Amino acid sequence: MELAHSLYLNENAYKSMPTSTRDLFLHEWLKFLSKVLPGLDKKEMKQCQERLEKQLLSLVAVPQSSAIQKCLGDVIALLFNVGETFGLYAFIESCNEKLRVKDDTANNVKIKLCVINVFFGMYATLGRMMGNTFADTIQMLLRNTKSNEAELRSTSLTCLGTIQSSLGAMCTSYHRDVYKVAKTFHNDKCMSVRVCALKLLEALIPNANFIVASDVDNLVSVCCKSLEGGNYDVRQSVAAVLSKLFLTALPASKTVSLNALSNAPPKQQSSNQGRKYTTDECFGILSSCFIKASSPSVRVGLVESYLAFFDALGKHWTEKHVKFVITHALTLLDNSKMLSSHIEAVYCRKSVNFILGHVIDHMMGEKGQNEAAKELIKLLAARMQLVGVDASEQTVSINQHVIICILNEVSSLVSLLGSSISVFFTEHATNAINTVVSSLLYPATSVSLAAAWCLRCIVIAVPSQLAVLIDATQDKIEASKNNPEALVGYSNAMAAILGAVPYATLGVPSSKAKNAFSIAEDLLRTATQNSRMSLARTQCGWMIIGALMNLGSVTVRHFLSKLLLLWRNAFPRSSKEIETEKNKFDQFNWQVALEGRAGALCAMEAFLQNCTELVSEDVTRRLLTPLDCALTMLANLPVNVKASAAQTKVSAAFFRLRLFLVLGQLPSECYESFINQLIRVLINEFALTDKQSAITTSCLERVGHKYNNILLGANGTDSDHQQIEEQLLASNSTVACGTMEHDPVSIYADSGRYQKFRFSPPGPLPLGIAVVDASVNLFSKIFCSTAVKHRIRIMQHFSECLKQTKSVKHHSVQINILTVLLSCLKTMAEGKMPVGTTELQELILTLLLALLGDASDIIRCAAAECVGRLAQAAADNNFTARISQSCFDKIQLSRDPTIRMGNALTLGFVHRYVGGIGAGQHLSTSISICLALAQDMSNTFVQTWALHSLVLITDSGGVMIRSYVEHILSLMITLLMTVTSSAKEMHRYIGKCVVSLITILGPELQGSAPQIANIRSSCQLASDFLLGNSSALVVAEGISCYQQLHLFTPKHAALHSLINMLCKNLSSSCLVLRQVSCSCLKQLSQRQADQVSQMASAYFAESRQASSTVTDTYSSELELEAALFTLLDKETDAAMQTNVKDTILMILNSQAIYKLSAWLTLLRNVLFIATGEEASEAESKGGEDDEDDDTSFQPVNKETSTTLHQRCNTRVFAVQCVQKIFGLATVKASDSQTPSSSNAESSGLNRYSPDGSLFSEVISAQNDCDPLITHIQDLVRIGFMAATASYDQLQIEGLKVLEDLIVRFCEARDPDFDEQPLLEQYQAQFGAALRPAFSRESGPHVLSKACNLCSIWITSGIATDIVDLRRIHQLLVTSLSKAQMSRSSAGYSVFSECSATSERLAVLKAWADMYFVALGMEQGKSGGESSSCLLDLVTPELSSLYNMWMEALREYGLGLSQWECNSQRRGPFGYTGAQLGKSTLQRYFVLHHSRSAQGGTRLQNCERRGERGCGLYFGQRADQ
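One structure accompanies this document, and this report is about it. (Residues numbered from 1 in each chain as written. Predicted model: local features only at pLDDT ≥ 70, side-chain atom pairs only at ≥ 80, totals over all residues. Heavy atoms only, no water.)

Turning next to the overall build of the chain. Within the chain, the regular secondary structure consists of 73 helices and zero strands. Split into buried and exposed, the 1520 residues of the chain put 60% on the buried side. In the chain, 76% of the contacts between residues at least 6 apart in sequence involve partners at least 24 apart. Only carbon and sulfur atoms are counted for the fraction: they give 50% of the accessible area of the chain, which is about 59700 Å². (Helix = DSSP H or I, 4+ residues; strand = E, 2+ residues; numbered from the N terminus. Buried < 20%, exposed > 50% of the residue type's maximum accessible area, 1.4 Å probe, protein only. Contact = heavy atoms within 4.5 Å. Areas by Shrake-Rupley, 256 points an atom, 1.4 Å probe, with all protein chains shown as cover.)

Given below as structure tokens:
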């Protein structure tokens, strides 16, 4: 390829090359030209331009591959851009001549494609320099849009769009013709053509005024029709068109203001603007289309259009018009047409919630979100008033869905904001909690469940309301025992709140659980006393008991014996009782019995899941008796129950579901006695034997390979719109209609089980799917325990089911059986269990091979993977060889694409699961066949499936693939050059294959041999091709290739260009691209953090200079880090957040010391922009106590504070980064010089960092290290702002920063006043930061940290004046009084015994620390007047302190002894050892009781010696 590195094309070398390498040679030359041409001077350019034009034109005149076409367009445009334009018009005319040719043979089509790509590059680069030559070009392009070739149509439309964008009003005369042609392709069968047509419409809208003037409705109609049958790209393109259309249709003043808010240049307004629309009219058009949506794909597309329009309007507009946004979104559900069925109603609810979530949760800051919460509560109250006694059924139904949407959005907001929203729920003006509680009584159960979930989210965010709401719901349940609707509503609320206890860090008193169990037991005991209430009481009693199981073994152990008795009594005791029920029970009795037993099984499942310590052998044996009865009853359900009313059928389905889930929690060995009977029941479920409807399991995606989704075209499910895109899944769209009314247990169950998306309500699947899923999971678990003869009969039965089922259920039965087989084979293969005899293997193989040629992609893919798992489980080389040979024969003999696709993929899965050694003898043949099929240009689907198979082979072959790497890599590059960019699936598989090949080569890529250099350059070339693709998903694969290259050969990875691309992709709209970019940045930062930061800063500076705009940023120096903090604010994906945090921390570790000023500025701004106003107010209040502190901090720039919005978790992480800087500075200082610790020891504090004087020495040793002491004002400010925030975790982190400051700088002296401590001037700030932690609303975890900080401050010697000391001392006195009051029975505790104990022990430890330092200072007289002051402050409290110190010691021993003997006697602190648990006791007391012991002992010693410091204590003792 060295011959390609010349200014002119070496034609002799080019012609003498083999055809397979000509494209590579030409591509290398064109890339070389693109690098060289910008550096030529005018004289050199003039000399070479004419010859280059001729050579390039000659290349355009012959057929070229897709990659060469694009490169030619870019190079020709660059040539005329940097050189002269004398020959431009002649060149254009020559190109137009080639477009005029009417011959549509394959070669001529390629020439036309090349010409169009050249025009695309020229118009994109040169723009108006093209002059008036566009007339002929547009006419030729319009004619080529009528071609039968989809690629020619899409390329022509793309070029037309570029011409419209580049020339603008210059080609006004052709706007109508182009517009007319673009509309004709709105429903083209080829999705890429449809997308290109929509992009052309988007380019036309700003310039073609007649569209906005008279054709808005027509264009909206065209877009809606385009959504029919469209894919994710089509929906995104429609969203872009409609948002551009509506934004252009707004009045000029509105558009200018919006552009000003987004820092974009104002749009030029034409003199002929035509009619302008208001925002109400624009949203009215969208809502009308949404209501009239003819299919789910249209509805989903319009939802994405809503999101695009809101994004175009901007966050400032949405915050200003939050009431309009919420009202408009909710009115979409006011039309009865949207609620034609339950599934449609759920889909519409989810669509509206997705719109509200995008606008409120992601676009708004915390201030706007609080305003949105107020509006939602007001709307909830208004909607509840509409439903009165005389409300019609239609009103109740419509309001039901609106209220559910409101409650779900409030739940999401509360989960997102956390404790920062506590003020909103505690203030009486909003009355928010009472409004939510009132919705529990709504006539629809679904509203009650949504309200219960909302209360659960509230108590997790505001822990102080947990015990209060439990008491309130208990009172309501007691008062509503004769009202079934109210009883169900309040019981749901109690269950949800109890389910929140494990997630509430502060817990609840153990008495709440006992009271709840008593209520549930009473409901179950009195259920039979009133037939009207029996069903409600039974359901509610078991619901509360099930929720109580979430509290864990420590709580449940107290009523385990009663639980076992309740479970035993819930089921018939013998077969005779079962027969009696069968003969005597009517429909109502069966419904009550089934609901009660389903509830008992549900509580049993929760017990097995959450109380594993209590599941002993005896308990398991006692549980099996009711389970055996339940299975017997299930098998003998009378026919009249199965054919009864719908509600009884639902109860029976719930009973089966609960039974399957309980058995899934137990080892299969426990129920071997009735396993055969269970298998029959399970097969009837997933084989749909007794069902009329087609129910498809949702487990296939979970047990299948992760790359299958690409093959099946599920592109939208890995995007930001996954929640609504799942409605369009081809395999099973009903998996997206999960909602709480499908399974009420979801309101208290583990959130990870039903809550698929973060901050969203739980979404249990429809009952039918849930039962089938449970049967599939249980069957795959017990199948391995069955005898081989039973397995053979089961496989024979599966074959009969597949043959006999010919109705609409056939497809569902196929998927269910394949999922079961795949799950069973996967379990056996991973557990090294034998499949069985040869007969069984042949039965399974015959069943699967018959499905490899099925017309359904899902069936073929699942069958192929099952064959691979079967070969893995069989572990027989001969059996594997027979499978491979069978696939070889069918691929060679059959020309049917479906058979070739299925068998080719089977080869891949066999190699993937058997491994390179097990299937090594057929490796060469398999690779050859896959490579041959991948080159079959006649069928792109066969190519895609073959590439998927090749990825699986290379991913598992290891070193055995090494000899095939060059050949495979050569084919990948050939495909990248020839396959069109619209074949995204093929490009993605090519990228994954290249990643696998790089992994196989590994460190070998670092070699310098010519062969290795060629392979390495081929990998780089393939990665470059992928990065140049127009699809973001393909670009993500290219980044993965470079990431893998950097892992093994970092010096050969183009770091600069890669970092530029990664920084650009951080703001991409594609979720996968952002995820891959964050992952790659993390890897790069592990080795080259400084280089990454510097290159990224240079990129952001260049981008800002090129765009000439002012962007929102936290820091002008650390731009990458600022961008990562911004990204951390927006993303909700947990893995991406982890990668972003790790990247920030690695860069922080690398450069925080020598860029200390920049880092502190960045972190201060992250914290300051969001909390600046409240911190400024609190600080001004704190400053009133000190006359000298008037100008320490500057007022908040309110204009800046509204620029960026930070989430609470982002601010917490920023403060944690400050603490990390403390540690880094300590390590740096200790490396420079070891500090003296004598002074630190004398003060009684455990100092872990040097004093201020050391940093001067560090500065003299290293000039590039900014000392922390010079930034103490910023550090105090950061700690103060965090400590005064309304978010608990942020408050705790702020107190930690202040503690670090005191410990580090307590001995540092003020340079202006040598005798004064440096921190003395910040006394007011420390006092103001501590005061919020001692308020009534503060939790024990905050108060404990604050008490420790008070103790450290007082004993540090910073404050010497008695007045100053008394301010902080008074806070400790307040905490001591609170601890004394909580000991008495009169005190009402809202938190658990653990939290109360930790708080009291922290208070006692703080006083003990202060007492020790006071005595030490008094005895040594080292503190002068301050030592006497400190002892005087401690002495008045010694009497009560002594008693509490001794009580703490007694409580520790008593608690441990109570745990050992299971005693329930209460100790002095008011709890029993069994309430806390042994580990909890040890954790709390070990941390604090040593100080209490030392304090009590020291006080007694002082008393015996008569020392000062206990005189008052003596007097009090004498009086007693």
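Moving on, we get to the state of the cysteines. Applying the stated criterion across every chain yields a total of zero disulfides. Sulfur of C196: no disulfide; nearest cysteine sulfur belongs to C190 and is 8.3 Å away. No disulfide involves C784; its sulfur sits 6.1 Å from that of C824, the nearest cysteine. (Disulfide = S-S within 2.5 Å.)

With a phi angle near 55 degrees, K832 is a residue other than glycine that sits in the positive phi range. One non-glycine residue, A875, lies in positive phi territory at about 55 degrees. Relative to the helices and strands, A875 is located in the loop between helix 45 (857-874) and helix 46 (877-893). For A875, a relative accessible area of 67% puts it in the exposed group.

To continue, consider the packing of aromatic side chains. For the coordinates displayed, the defined rule picks out 25 aromatic pairs. Seen from their ring centres, F779 and F783 are 5.6 Å apart, and the 35 degrees between their planes marks the pair as tilted. Exposure remark for F779: the relative accessible area of 0% places this residue in the buried category. With a relative accessible area of 3%, F783 lands in the buried category. Here the aromatic residues F246, F283, Y306, F309, F310, W317 and F324 are joined through ring pairs into a cluster of three or more. Here R860 stacks its cationic end above the ring of W945, 4.7 Å away from the centre of that ring. (Phe/Tyr/Trp six-rings, centres within 6.5 Å; stacked < 30°, edge-to-face > 60°. Lys NZ or Arg CZ within 6 Å of the ring centre and 35° of its normal.)

Further remarks concern the nonpolar core. Formed by 519 residues in total, the largest nonpolar core has its most connected members in M122, F607, F779 and F798. Looking at this core, the element that brings in the most residues is helix 55 (residues 1071-1107), giving 14 residues. Apart from the residues within four sequence positions on either side, F607 is in contact with M549, V556, L560, W567, T612, L614, V615, V619 and L623. (Core = buried A, V, L, I, M, F, W, Y, C linked by side-chain atoms within 4.5 Å.)

A pair can form between side chains of opposite charge whenever their charged atoms are brought close. As enumerated under the stated definition, the model contains 36 salt bridges in all. We note a salt bridge from R299 to E344, for which the minimum N-O separation is 2.9 Å. Of this pair, R299 sits in helix 16 (residues 296-313) while E344 sits in helix 19 (residues 342-363); the two residues are 45 residues apart in sequence, bridging distant segments of the chain. We note a salt bridge from R1211 to E366, for which the minimum N-O separation is 2.4 Å. (Salt bridge = Lys/Arg side-chain N within 4 Å of Asp/Glu carboxyl O.)

Another point: the environment of L661. Looking at the secondary structure, you find L661 in helix 35 (residues 646-665). In this structure the C-alpha to C-alpha distance between L661 and N777, which are 116 residues apart in sequence, comes to 8.9 Å. Not counting residues within four places of it along the chain, the set of residues in contact with L661 comprises E605, R753 and A774.

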